[in-house]
There are 2 protein chains.
Amino acid sequence: MSEILGKAKRAKEITYQLASLSTIQKNEALQVMASALESDRDAILSANAVDVENGRAAGQTKTLLDRLTLTDSRICDMADGLRQVAELADPIGETIQTMDRPNGLRIEKKRVPLGVIGIIYEARPNVTVDAAGLCLKTGNAVILRGSSTAIHSNRQIVQCLQVALDQVGFPKEAVQLIEDTSREAASELFTLNEYLDVLIPRGGASLIKTVVEKASVPVLETGVGNCHVFIDESADVEMARSIAINAKTQRPSVCNAAETLLIHRKWADNHLPTLLTDLHEHGVELFGEEELLKWDSQATIAKEHDWAEEYLDLKLAVKFVDSTEDAMDHIRTYGTKHSEAIVSETAEHVQDFLNGVDAAAVYHNASTRFTDGFEFGFGAEIGISTQKLHARGPMGLEALTSTKFMIFGEGQIKP
Amino acid sequence: MSEILGKAKRAKEITYQLASLSTIQKNEALQVMASALESDRDAILSANAVDVENGRAAGQTKTLLDRLTLTDSRICDMADGLRQVAELADPIGETIQTMDRPNGLRIEKKRVPLGVIGIIYEARPNVTVDAAGLCLKTGNAVILRGSSTAIHSNRQIVQCLQVALDQVGFPKEAVQLIEDTSREAASELFTLNEYLDVLIPRGGASLIKTVVEKASVPVLETGVGNCHVFIDESADVEMARSIAINAKTQRPSVCNAAETLLIHRKWADNHLPTLLTDLHEHGVELFGEEELLKWDSQATIAKEHDWAEEYLDLKLAVKFVDSTEDAMDHIRTYGTKHSEAIVSETAEHVQDFLNGVDAAAVYHNASTRFTDGFEFGFGAEIGISTQKLHARGPMGLEALTSTKFMIFGEGQIKP
């Protein structure tokens, strides 16, 4: 039996046990896991140093190495993250709906764990801890398949978490790491429908695409964001400037950062120069049509792919439009249904945009950067769903649950 | 461009239009569609006669021919079904949740259509009408891929519905039928992620399995039901007999009918003969272990596959167990997570069973036959989900919707 099949089977076997854990037990486990991370700090840092050294030798990018590198303070953050999850309300067992039927049947819809969750992610050891915490809180078993680049860190972290689980009497199979980081091993997860209830890919566009295309296990598709900010004719000048700059530059590497600015020509005629000055001051490189070059000689002519690109960098495509309809057409063609914003003082345009744009989150007069489980008040986030089934937008604990109907009768039979 | 790709693209193009239809407009369309079916009765019956004749010539089973055959009264039922959907509350546009954040952002979670729904089904022309009505009510475009056996009926029905749509000014692409009924054509639907938001297979186990395995478009898995009734030691004798008979015989061909009876040995010792008499009177053929043959010489020795079988017939597997735990173990091994019932007067066993059995619907002292959108009070049903994502159990209108976050700001940017 392969490593993955073995681990998936064991995970399935303990789902019944995990589903019956009380909130108090789960919170205690999370606290013990947090303390264990802090006590094992040295071992984790040593393991991480091996990964970072290997990554550097392999010529990994600075961004990747930065995400990979753990420090004392990052380990504290991970431990605190677990403690915060312990503080959150437990959705499991909640009765969402009660229906009393004319035949006397009482039907209760209850929140239950999904079962076994597979998470495929890239070189971020903090995801190992985050995912373990969120899955445990929701009574799910988790199978983690991280990147080979982070294997030493992940192995040490999971070992530490498993010791903690054992200490509080939980099955250590609640949190398992796939040690085989080959592509073949990952793809074995894709078809384990018998044991896996859902697969969540977290990472770049190509990872997500592969999982969506190949997996027969249900997938929660997360996060590619080609987000747009549309500055309407009536947009407040200061507000438009501040939202555009914030959406693009506050943290360019994340999925809710803006990648294209759509500007109403009449607004541009009056106010574009100040916005261009802001963008230049923030070091933003611009891509646009010929028309943009008349305003900004430093801009680059956009190629077709620029409109579709998730730059994740200080780069921004700029396009002029003549109406809200034009802006929506562009978004329909190139958007990824993540986060889209309109800056406008015209109520009708705002309504058209919010209703007509098909995205997880649509904003009026605010930065797209707020699409985030913490900003939405969920207290946690397992990712941002860009699909329409099950969960859409930032996913908190609830996204890791399913429901079950419990029906209470007194001998009712179907007439 | 293939027929399917062309139809999928056109469906996607009109999703924005469909999403903005008012409840009044949609209800009017449903009424006009209902009347159109009744006016076109003769044409529909003629087309159906061709399918039935072809089916008979091809040696189709009696059950299939029965499902395929339309009559005056069945056409009235289909039309009434549309009128009932018009009466239901419209979930679209509903605000499910409102969050006022400390930074002044107001976040509203709204119910929106899924977009384009593909439905793959077998030789039941009534599904054509049902699905069209439910999808239209929820502002979705539907692409119907019925069986070749029903192609003449489906073509006539969809043509009739499209004329009605046109009459009320709706795009006729709201309801489209795939005329190419080859397997290759169906499988083209599986990967149209760009245009299709969800695929719903309705039909037998092998159809569902193929779609789940092959589709990269998100799937709503419906309905294979290997349902169990567990008669506990303390079960009320009359109640246990009546529930077992009802769950098995009231309509054996449906997914929520019972396929296996699990009987506590102590109950069997005192009461089995009366139950066996009932089952024989209802013409139920029994499959079980050696032990069953001591009670019932007419029973057949069960093979391994009998425990897993969805008979959909007057056949029943019977197994003796010594505890609730034993019963649950059996269900964990062979159940399909559809509907499971315990008949018992022991509160602790009931709690263990309802919590410990992983199924869409778990019953105490009632027949499994109630797992149904109408019985649950949803007023409609697009199928019964046996998966854990998005919707579980009977799916009404809500299962055909997604959500969208609308965020209202006054210039908020991320600090």
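Residues numbered from 1 in each chain as written. Chains lettered and ligands numbered in written order. Predicted model: local features only at pLDDT ≥ 70, side-chain atom pairs only at ≥ 80, totals over all residues. Heavy atoms only, no water.

### Here's the deal with the overall build of chain A
For step 1, the next point in the chain: Within chain A, the secondary structure is distributed over 16 helices and 16 strands.
For step 2, the next point in the chain: Relative to the 2.2 N^0.38 estimate, which gives 22 Å for 415 residues, the radius of gyration of chain A is 24 Å and therefore close to what a compact globule would have.
For step 3, the next point in the chain: Overall size of chain A, expressed as C-alpha extent along the three principal axes, is 70 × 70 × 35 Å.
For step 4, the next point in the chain: Out of the 415 residues belonging to chain A, those deemed buried represent 58%.
For step 5, the next point in the chain: The long-range fraction of contacts in chain A, counting pairs at least 24 apart against all pairs at least 6 apart in sequence, stands at 72%.
For step 6, the next point in the chain: Of the roughly 15,800 Å² of accessible surface on chain A, 47% is carried by carbon and sulfur atoms.
For step 7, the next point in the chain: Positive and negative side-chain charges of chain A, numbering 41 and 61 respectively, have mean locations separated by a distance of 6 Å. (Helix = DSSP H or I, 4+ residues; strand = E, 2+ residues; numbered from the N terminus. Rg over C-alpha atoms; globule rule 2.2 N^0.38 Å. Buried < 20%, exposed > 50% of the residue type's maximum accessible area, 1.4 Å probe, protein only. Contact = heavy atoms within 4.5 Å. Areas by Shrake-Rupley, 256 points an atom, 1.4 Å probe, with all protein chains shown as cover. Lys, Arg positive; Asp, Glu negative; His and termini not counted. Charge placed at Lys NZ, Arg CZ, Asp CG, Glu CD.)

### Describing the sheet that holds strand 4 (residues 141–145) of chain A
Residues and elements named next belong to chain A.
For step 1, the next point in the chain: Taken in spatial order, the four strands line up as 5-4-3-6 in an open sheet, and their pairing is parallel. Only two strands of the sheet have a single partner each, and these edge strands are strand 5 (175–177) and strand 6 (198–202). When the angles between neighbouring strand axes are averaged without regard to direction, this sheet yields 20°.
For step 2, the next point in the chain: Sheet topology note: the strand 3 (residues 116–121)/strand 6 ladder contains five bridges and is parallel. In the strand pairing of strand 6, isoleucine 117 is matched with valine 198.
For step 3, the next point in the chain: Across the sheet, helix 8 (residues 151–167) lies against strand 3, strand 4 and strand 5, angled at about 155° from strand 5, the strand it touches most. (Pairing = 2+ DSSP bridges. Axes fitted to C-alpha atoms, helices over the stretch in contact; angles between N-to-C directions.)

### Let's talk about the packing of helix 11 (residues 237–249) of chain A against helix 12 (residues 265–281) of chain A
Residue and element names in this part refer to chain A.
For step 1, the next point in the chain: As a packed pair, helix 11 and helix 12 sit with axes 10 Å apart at the nearest point and diverge in direction by 40°. Here helix 11 lies oblique to helix 12, going by the angle between them. At the point where helix 11 passes helix 12, the crossing takes the right-handed sense. Here helix 11 contributes Val237, Ala240, Arg241, Ala244 and Ile245 to the contact with helix 12, which in turn contributes Trp267, His271, Thr274, Leu275, Asp278 and Leu279. (Parallel < 35°, antiparallel > 145°, perpendicular 65-115°, else oblique. Left-handed = near helix turned anticlockwise from the far one by under 90°.)

### Quick look at the packing of aromatic side chains
For step 1, the next point in the chain: Scanning the entire structure with this criterion turns up ten aromatic pairs over all chains.
For step 2, the next point in the chain: Both rings, one in phenylalanine 287 of chain A and one in tyrosine 311 of chain A, keep their centres 5.5 Å apart while their planes meet at 25°; by these two values the pair is stacked. Pair noted here: phenylalanine 287 of chain A is in strand 9 (residues 285–288) and tyrosine 311 of chain A is in the loop between helix 14 (304–308) and strand 11 (315–321), with a separation of 24 residues, a long-range link. The same class applies to phenylalanine 287 of chain A as to tyrosine 311 of chain A, namely buried.
For step 3, the next point in the chain: Aromatic pair phenylalanine 376 of chain A and phenylalanine 378 of chain A: ring centres 6.0 Å apart, planes at 75°, arrangement edge-to-face.
For step 4, the next point in the chain: One aromatic cluster in this structure is built from Phe376 and Phe378 of chain A together with Phe405 of chain B.
For step 5, the next point in the chain: Across the ring face of tryptophan 307 of chain A, the terminal group of lysine 319 of chain A is positioned such that the distance to the ring centre comes to 5.3 Å.
For step 6, the next point in the chain: Here the guanidinium or amino end of arginine 332 of chain B rests over the ring plane of tyrosine 16 of chain A, the centre of that ring lying 3.7 Å away. (Phe/Tyr/Trp six-rings, centres within 6.5 Å; stacked < 30°, edge-to-face > 60°. Lys NZ or Arg CZ within 6 Å of the ring centre and 35° of its normal.)

### A few points about the relation of the copies chain A and chain B
For step 1, the next point in the chain: Between chain A and chain B, the superposition needs a rotation of 180° and an axial shift of 0.0 Å, giving an RMSD of 0.0 Å. Both copies are brought into coincidence by an operation consistent with a two-fold rotation axis. Among all residues of chain A, the minimum C-alpha distance to the rotation axis is found for histidine 390 of chain A, at 1.8 Å.
For step 2, the next point in the chain: Mapped onto chain B, 100% of the interface residues of chain A again fall at the interface, so both copies present the same surface. (Least-squares fit on C-alpha atoms with pLDDT ≥ 70 in both.)

### Focus: helix 4 (residues 41–57) of chain B
All names here are of chain B.
For step 1, the next point in the chain: The end-to-end C-alpha distance of helix 4, which contains 17 residues, comes to 24 Å, matching closely the 24 Å that a straight helix rising 1.5 Å per residue would cover.
For step 2, the next point in the chain: Of the positions making up helix 4, those classed as buried are Ile44, Ala47, Asn48, Asp51, Val52 and Gly55. For helix 4, the arc enclosing every buried residue in end-on projection is 145°, short of the 170-degree limit, so these residues lie on one face. Away from its buried face, by an angle of more than 90 degrees, helix 4 presents the exposed residues Asp42, Arg56 and Ala57.
For step 3, the next point in the chain: Looking at the buried residues of helix 4, the elements they touch are helix 3 (23–39), helix 5 (62–68), helix 6 (72–87), helix 7 (125–137) and helix 8 (151–167).
For step 4, the next point in the chain: In the segment just after helix 4, glycine 59 is the residue with positive phi, at about 75°. (Expected span 1.5 Å × (residues − 1). Arc of directions from axis to C-beta.)

### Structural notes on the interface of chain A and chain B
For step 1, the next point in the chain: Every contact between the two is made by 70 residues of chain A and, on the other side, 70 residues of chain B.
For step 2, the next point in the chain: Across the chain A to chain B interface the summed buried area is about 5,800 Å²; carbon plus sulfur atoms make up 56%.
For step 3, the next point in the chain: On the chain A side of the contact with chain B, Tyr16, Leu389 and Lys414 of chain A bury the most area, a combined 14% of that side's loss.
For step 4, the next point in the chain: At the boundary of chain A with chain B, the tally comes to six salt bridges. (Buried area = accessible area lost by both parts, 1.4 Å probe. Salt bridge = Lys/Arg side-chain N within 4 Å of Asp/Glu carboxyl O.)

### Regarding the UniProt feature "domain: Aldehyde dehydrogenase" (unreviewed entry) in chain A
For step 1, the next point in the chain: Here the UniProt-annotated "domain: Aldehyde dehydrogenase" (unreviewed entry) positions come out as residues 8–279 of chain A.
For step 2, the next point in the chain: Counted over residues 8–279 of chain A, helix gives 53% and strand 17%. Its end C-alpha atoms are 49 Å apart. (UniProt positions renumbered as here; feature names shortened; annotations may be inferred.)

### Comments concerning the domain arrangement of chain A
Residue and element names in this part refer to chain A.
For step 1, the next point in the chain: Taken as a whole, chain A is organised into domain 1 (3–221 + 387–408) and domain 2 (227–370).
For step 2, the next point in the chain: Relative to domain 2, the C-alpha centre of domain 1 lies at a distance of 35 Å.
For step 3, the next point in the chain: Surface buried jointly by domain 1 and domain 2 totals about 400 Å² across both partners, of which 38% is contributed by carbon and sulfur atoms.
For step 4, the next point in the chain: Looking only at domain 1, the three residues that lose the most surface to domain 2 are Arg67, Lys388 and Arg392, adding up to 70% of its buried area.
For step 5, the next point in the chain: One can count two salt bridges joining domain 1 with domain 2.
For step 6, the next point in the chain: A salt bridge links lysine 388 to aspartate 358; the shortest N-O distance between them is 3.0 Å.
For step 7, the next point in the chain: Inspection of the domain 1/domain 2 interface yields two residue pairs in polar contact (both at pLDDT 80 or more).
For step 8, the next point in the chain: Looking at side-chain class alone, the side of domain 1 that touches domain 2 contains no nonpolar, one polar and four charged residues. (Domains from an automatic or database assignment. Polar contact = N/O pair within 3.5 Å; in protein donor to acceptor, adjacent residues only side chain to side chain. Nonpolar A, V, L, I, M, F, W, Y, C, P; charged D, E, K, R; others polar.)

### Remarks on unusual backbone geometry
All names here are of chain B.
For step 1, the next point in the chain: Located in the positive-phi region is leucine 312, a residue other than glycine, with phi close to 55°.
For step 2, the next point in the chain: Along the chain, leucine 312 turns up in the loop between helix 14 (304–308) and strand 11 (315–321).
For step 3, the next point in the chain: Residue leucine 312 is classed as partly exposed on the basis of its relative accessible area of 35%.

### Digging into the pattern of salt bridges
For step 1, the next point in the chain: One pass over the full model with this rule turns up 60 salt bridges over all chains.
For step 2, the next point in the chain: Across the pair aspartate 197 of chain B and lysine 388 of chain A runs a salt bridge, and its minimum N-O distance is 3.8 Å. Here aspartate 197 of chain B is found in the loop between helix 9 (183–189) and strand 6 (198–202), whereas its partner lysine 388 of chain A is found in the loop between strand 14 (383–385) and strand 15 (393–395) on a different chain. Just as aspartate 197 of chain B is buried, lysine 388 of chain A falls in that class too.
For step 3, the next point in the chain: Here glutamate 108 of chain B makes a salt bridge to arginine 106 of chain B, at a shortest N to O gap of 3.9 Å.
For step 4, the next point in the chain: The class for glutamate 108 of chain B is buried, based on a relative accessible area of 14%.
For step 5, the next point in the chain: Through salt bridges that share partners, Lys12 and Asp197 of chain A together with Lys337, Asp358, Lys388 and Arg392 of chain B make up one connected network.

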